[in-house]
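Observations on the three-dimensional arrangement
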Amino acid sequence: MPADTNPEGDIFGGWLLAHMDLAGATPAFEIAQGRCATVALDGMVFHQPVAVGDEVSIYAEVLKTGRTSIRVHVEAWKRSRNVAQSRSVRVTEGVFTYVALDEAGRPRLLPGVAA
């Protein structure tokens, strides 16, 4: 939406980052079988701007699981609204770390991890 853009018409990085966090949380919640929190973001790189009207696709891949944490590589790709430039281009990527939480909000072991 236009409210999510800077004066040049590009989408704010924070808007895209929030959607990437949601995408990365999906496999983390499945692995944790419950509540998780984002605790870190490593190596965020913006390769290209995203304009209003571009189609954005976000992909997440689990890299590693620990005792309480899950690291997920997340990429965002765009396809320009301009038909002549309709190829997909990676616009940003980062590695998100999520921690499984118990009912009190404290880290808990992932299912299947020995205590």
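A brief look at the structure comes next. (Residues numbered from 1 in each chain as written. Predicted model: local features only at pLDDT ≥ 70, side-chain atom pairs only at ≥ 80, totals over all residues. Heavy atoms only, no water.)

A look at the environment of Ser-57
The condition is simple: Here a strand is any run of E in DSSP of at least two residues, a helix any run of H or I of at least four, and the numbering for each starts at the N terminus.
With respect to the element layout, Ser-57 can be found in strand S2 (residues 55-65). For the pair Ser-57 and His-19, spaced 38 residues apart in the sequence, the C-alpha separation amounts to 9.9 Å.

Some thoughts on the pattern of salt bridges
To keep things clear, this is the line we draw: The term salt bridge refers to a pairing of a side-chain nitrogen on Lys or Arg with a carboxyl oxygen on Asp or Glu at a separation within 4 Å. Any residue under 20% of the maximum accessible area for its type is buried, any over 50% is exposed, and the rest in between are partly exposed; the area is computed with a 1.4 Å probe on protein chains only.
All told, the structure shown has 6 salt bridges when counted by the stated rule. Ionic pairing is found between Arg-71 and Asp-42, a salt bridge with its closest N-O pair at 2.9 Å. Taken together, the residues span a long stretch of sequence, with Arg-71 in strand S3 (residues 69-79) and Asp-42 in strand S1 (residues 36-46) at a distance of 29 residues. A relative accessible area of 28% places Arg-71 in the partly exposed class.

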